Amino acid sequence: MRRDGVKTFVFITQVYPPDPAALGQHLADVANELARRGHRVHVFAAARGYDDPGVAYKSREIANGVEVRRLPLGSFGKTSIPLRVFAGALLLVQATFRALFVRGVDAVVVSTSPPIAPLAGVVLAKLKGARLKYWVMDVNPDQMIALGKLQESSPLARMFDRMNRLVLKRADDVIVLDELMAELVIGKRDVASKLTVAGPWAAEEPEELIPHSENTFRSTHQLDGKVVVMYSGNFGLSHPMTTILDAARRLGPESPLLLVLVGGGAGKRTIDPAAHILSLPYQSREMLAQSLSAADVHLVTLGDRMAGIVHPSKVYGAMAVGRPILLLGPSDNPIAELVTEHQIGWRVSHGDVDEAERVLREIVATPSTALLKMGKRARQLMDQRGGREASLARVCDILERGVYSGSARTEEPETTPGLA
């Protein structure tokens, strides 16, 4: 696309690599690509881990051409909602103040970590005469209400709703992850004329699929002879897996099935050890292709009330390494349609332990060649849609769209009609 010279982008986010949160990884992919395209990119993020605030990161660095500044007092853990809101507010005050000293800001990019980050984007974009780009990766207060953490009538929920309407009004472009999320966002404010549906992508997309015989992760963790069903990512409350865990416990000790649970989060601390479970921490991005490829099947979960509120992006990592999907979640969501329509896996409803047990036994009984064929079909589907490169380029094109410097901005941004 045509570019009007080098532009300056400011990202405000709580999470950013090396923090393993998926949202931060996606923001980093976009920031890196904008820098590769020749733009100046500044990121303001928290100096401590989102999941584990005991982890500290460099306060300042240049990473892949992106200037990253990490700010103190931006993460106190997830022990309570008020504490998380307080930490988010402190981070945003610091980030907004620091960003005021960035010269010639053309666009401010915000997502939903912390959930009040878009409000800082509104303030900064107004003060700097910049475009506001809002990338919605989950929807609050809807998520907290669905989880029973907030009452819909509570002052905090009403505050978030008012903030959402303000941000949606002021944003020049709004990006959402799927059609159900688009409907939910438009229900808060009609932004169809400036909204684009753009799904996420895999963190790693190896050119060649990695066979088990060449997989160092499988050999390191002694997975040979096992049928590995892997969950990799954040164990959040929006992604319950009790049904699968209960089903796995029904299998006898002779079963080769092994649930490999990779990652962290509040939900993981509630999982009791069992014979068919191997728990491992987050893997480095350099090891990700190996760890994901170590699975025979990938488990993806979505809470019954979470469709449209969150989008389980881990499905794309599984497809990228050519592995089938076991979806634990409702039937009325885009991932369920993807899995069933293209025959790349199975779907089980929450609470149906009998069906989950049946599916696990079916996976164990399925020849490895048949599982590989199903996984290759998943990878081919990714390739047909352009894969990681096309998805990343689409989001960057939206962020570049209509960006003009300060008072020189004299025309309205292009819009994407409807739900693209």
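Definitions and limits used
All chains use their own residue numbering, which begins from 1 and follows the written sequence. Under the rules for a predicted model, residues below a pLDDT of 70 receive no local features and side-chain atom pairs below 80 are neither given nor counted, while totals for whole chains, interfaces and linings still include all residues. Hydrogens and water are ignored here; the side-chain numbers use all heavy atoms of the structure. A cavity here means a set of 1 Å grid points, computed over protein atoms only, where a 1.4 Å probe fits but cannot escape. A pocket is an open set with protein on both sides within 12 Å along at least 5 of 7 lines, and lining residues have an atom within 4 Å of a point. Grid points are joined across faces, edges and corners, and a volume is the space filled by probe spheres set on the points. In DSSP terms, a helix is any run of H or I states spanning at least four residues, a strand is any run of E spanning at least two, and both are numbered starting from the N terminus. Here a strand pair is declared whenever DSSP counts at least two bridges between the two strands. Axis definition: a line fit to C-alpha positions, over the contact stretch in the case of helices; interaxial angles, taken between N-to-C directions, run 0 to 180 degrees. Throughout, a contact is declared for two residues whenever any of their heavy atoms are within 4.5 Å. Any N or O atom pair separated by 3.5 Å or less is treated as a polar contact, with the protein-specific requirement of one donor-capable and one acceptor-capable atom, and with residues adjacent in sequence counted only for side-chain atom pairs. Within 6.5 Å between ring centres, the rings of Phe, Tyr and Trp (the latter by its six-membered ring) count as paired, and their orientation is classed by plane angle as stacked under 30 degrees, edge-to-face over 60, tilted in between. Burial classes follow relative accessibility: with a 1.4 Å probe on protein chains only, a residue under 20% of its type's maximum area counts as buried, one over 50% as exposed, and anything between as partly exposed.

**Some remarks on empty space enclosed by the protein**
Under the definition given, this model contains 1 cavity of 30 Å³ or more. Approximately 100 Å³ is the volume attributed to the largest cavity. As for the largest cavity, its lining consists of Thr-112, Pro-115, Tyr-134, Val-136, Asp-138, Val-139, Asn-140, Met-163, Asn-164, Leu-168, Val-185 and Lys-188. Broken down by secondary-structure element, the contributors of at least two residues to the lining of the largest cavity are helix 5 (155-170) and helix 6 (179-188). Among the elements that take part in the lining of the largest cavity, helix 5 stands out by supplying 3 residues, more than any other.

**A word on the sheet that holds strand 2 (residues 40-46)**
Taken in spatial order, the 8 strands make up an open sheet running 3-4-2-1-5-6-7-8, and their pairing is mixed. Each of the sheet's edge strands pairs with one partner strand only, and the pair in question is strand 3 (60-63) and strand 8 (195-197). With direction set aside, neighbouring strand axes in the sheet form an average angle of 20°. Relative to strand 6 (residues 131-135), strand 5 (residues 107-110) runs parallel, the two sharing 4 bridges. Within the sheet, the bridge partner assigned to Val-110 lies in strand 6 and is Tyr-134. This element, helix 3 (residues 117-128), spans strand 1 (8-12), strand 5 and strand 6 of the sheet and lies at about 175° to strand 5.

**Topic: the environment of Asp-397**
Tracing the chain through its elements places Asp-397 in helix 14 (residues 387-400). For the pair Asp-397 and Leu-34, spaced 363 residues apart in sequence, the C-alpha separation works out to 9.2 Å. A polar side-chain atom of Asp-397 sits 2.8 Å from a polar atom in the side chain of Arg-37.

**Things to note about the packing of aromatic side chains**
Given two aromatic rings, one states the distance between the centres and the angle between the planes to describe the pair. On inspection of all chains with the given rule, the structure shows 3 aromatic pairs. With a centroid separation of 5.2 Å and an interplanar angle of 75°, the aromatic rings of Phe-97 and Phe-101 are classed as edge-to-face. Both rings, one in Tyr-231 and one in Phe-235, keep their centres 4.6 Å apart while their planes meet at 50°; by these two values the pair is tilted. With a relative accessible area of 2%, Phe-235 lands in the buried category.

**With respect to unusual backbone geometry**
A cis amide bond, omega -5°, links Ser-113 with the succeeding residue Pro-114. Positionally, Pro-114 belongs in the loop between strand 5 and helix 3. With a phi angle near 55°, Asn-64 is a residue other than glycine that sits in the positive phi range. Examined against the element boundaries, Asn-64 turns out to sit in the loop between strand 3 and strand 4 (66-71). Given a relative accessible area of 59%, Asn-64 falls into the exposed group.

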